[in-house]
Every structure is written in C-alpha cells, then in structure tokens.
Amino acid sequence: LATQNILYYDPHNKEYTGFLKILKGWCGGKGRVSKVMNLDFIHTLNGSPCFIQHYDCYYDLRERFFLCTAAFRRIMPDKQRSLTWVVDRGIYSLAALRRIVAMGDDIITWEKGYSRDGWDLDSRYETFVCSRARNNSTDLRRYEFRYQASRWDRDTRFGCLVVRARN
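Engineer: How do you make sense of the layout of surface pockets when you look at a structure like this?
Structural biologist: Any space left empty among the atoms is revealed by the rolling of a water-sized probe across them. As a volume, the largest pocket reaches approximately 1,500 Å³. Around the largest pocket, the lining comprises 41 residues; the ones closest to its centre are T109, C160, L161, V162 and V163. Broken down by secondary-structure element, the contributors of at least two residues to the lining of the largest pocket are α2 (94–102), β6 (106–108), β7 (126–133), β8 (140–151) and β9 (159–166). For the lining of the largest pocket, the element with the highest residue contribution is β9, accounting for 7 residues. For the lining of the largest pocket, the per-class residue count stands at 21 nonpolar, 7 polar and 13 charged. Among the secondary structure elements, those contributing two or more residues to the lining of the second largest pocket are β1 (6–15), β2 (24–27), β3 (32–43) and α1 (61–75). Looking at the lining of the second largest pocket residue by residue, the classes come out as 6 nonpolar, 5 polar and 4 charged.

Structure representation (structure tokens):
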C-alpha cells in the first residue's frame, strides 16, 4: 500500500435483513426498493482489499466517495500523495469528477449514457492484447482492445479513451 498509486473504489450494496429501522434504497440484487446497506471497498491494483466503509442510504455514492477516501487517507503512510481512482459505476457527475481532480487525484471511470458514438474511423488507434485463464491454466481466452485517446468533449481538462473490446 505504501507504493500503490492506483486504487479501485468498489461500491456494493446488499439487502439488509436485520431488525433495525434503516433507510430504504434500490437493491439491484433484488430488483426492488428494500432496506439496503452500502459497502464501499478500496482494493489495490492486484485486487487485494485494503479498506472498507459501511453506509446506509443517507449518502449517495458521489458523497460517500469523498467520505470514504478521506477516512482511507487518514490511515495511509503518505497522506498527501496523488492517487488514481478506478471507479466502476455511480460516480459520474461533472461536479464530483472536478472535485476529485481539485484534490490532486486522477479518476478513471465510465461515461454515463455513452451511446457508442465516440469511435473516429479516421483517427489512429492503439491495440493491446491480454489472455486470461478460464477453468484451468491451459484454457486461455484472448482479449483484444483497441483504443483512441482524445480530450473529453464535456470538459477538455479530462482525457477520454474510447475502447473497443473483442474476445
């Protein structure tokens, strides 16, 4: 952790089945509104968990992110260093993205409402390939990724990668 600069912020929510009265929220696993607890994990680049914070539905993810990362920084050896956060979902808002950058950190996430219109047929692209074992180490699946880098139309202070994946 002392040398990790790229971290995964991994939000989960689960149905709460206890007897306490807590706020209700959307439970994706059940496909309905229910009593929900949010569990926000921070993982290292290789997937090792290093921090977890629990919340009810009072705070939205875009608020919880800043609460959780502030608590995480309090236990870090070098609290001031710049971090790159990879966030799977739910963090999208220009205000939240700008606030992360204003903290001196970077963010990698997915654009909400992306309609597959960002690929430029006339622009140059880069390619990389990776393989991943399926049921055993000799049963490899090959993945090819092509990507184009540009500035983001919504806010040119941000970079944008448009990726096409094939397996």
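On we go from here.
Engineer: Any chance you could explain the packing of aromatic side chains here in plain terms?
Structural biologist: Taken as a whole and judged by the stated rule, the model has 11 aromatic pairs. Considering the side-chain rings of Y9 and F65, the 4.9 Å spacing of their centres and the 65° angle between planes classify their relative orientation as edge-to-face. Of the two residues, Y9 sits in strand β1 while F65 sits in helix α1, which places them 56 residues apart along the sequence. Side by side, Y9 and F65 carry an identical accessibility label, which is buried. A centroid spacing of 5.8 Å and a plane angle of 45° characterise the contact between W119 and Y125, whose relative ring orientation is tilted. Given the relative accessible area of 14%, W119 is considered buried. Since its relative accessible area comes to 38%, Y125 is described here as partly exposed. Here the aromatic cluster, defined as three or more aromatic residues joined through ring pairs, consists of Y9, F51, F65, F66, F72 and W85. Here R99 stacks its cationic end above the ring of F66, 3.8 Å away from the centre of that ring.

Engineer: Quick question: what am I supposed to make of the packing of α1 against α2 here?
Structural biologist: For any two helices packed against each other, one specifies the crossing angle of their axes together with the interaxial distance. In the contact formed by α1 and α2, the axes pass within 10 Å of each other and the chain directions differ by 15°. Looking at the two axes, α1 sits roughly parallel to α2. Where α1 crosses over α2, the handedness of that crossing is left-handed. In this structure, α1 contributes R62, F65 and F66 to the contact, and α2 contributes A96, R99 and I100. Of the residues in the contact of α1 with α2, the class split is 4 nonpolar, no polar and 2 charged.

Engineer: Explanation requested: the sheet that holds β8 in the structure shown.
Structural biologist: Strand pairing in a sheet relies on backbone hydrogen bonds, with the paired strands running either antiparallel or parallel. If you trace the 3 strands from one edge of the open sheet to the other, you get β7-β8-β9, paired in antiparallel fashion. Where the open sheet ends on each side, the last strands, each with one partner, are β7 and β9. The sheet shows a mean angle of 30° between the axes of neighbouring strands, taken without regard to direction. Bridge analysis of β8 against β9 gives 8 bridges, and the strand direction is antiparallel. Note that in β9 the partner of E144 across the bridge is R166.

Reading the values: the criteria
Residues numbered from 1 in each chain as written. Predicted model: local features only at pLDDT ≥ 70, side-chain atom pairs only at ≥ 80, totals over all residues. Heavy atoms only, no water. 1 Å grid on protein atoms, 1.4 Å probe; cavity = no way out; pocket = protein on both sides within 12 Å on 5 of 7 lines; lining within 4 Å. Points joined across faces, edges and corners; volume = space filled by probe spheres on them. Helix = DSSP H or I, 4+ residues; strand = E, 2+ residues; numbered from the N terminus. Nonpolar A, V, L, I, M, F, W, Y, C, P; charged D, E, K, R; others polar. Phe/Tyr/Trp six-rings, centres within 6.5 Å; stacked < 30°, edge-to-face > 60°. Buried < 20%, exposed > 50% of the residue type's maximum accessible area, 1.4 Å probe, protein only. Lys NZ or Arg CZ within 6 Å of the ring centre and 35° of its normal. Axes fitted to C-alpha atoms, helices over the stretch in contact; angles between N-to-C directions. Parallel < 35°, antiparallel > 145°, perpendicular 65-115°, else oblique. Left-handed = near helix turned anticlockwise from the far one by under 90°. Contact = heavy atoms within 4.5 Å. Pairing = 2+ DSSP bridges.

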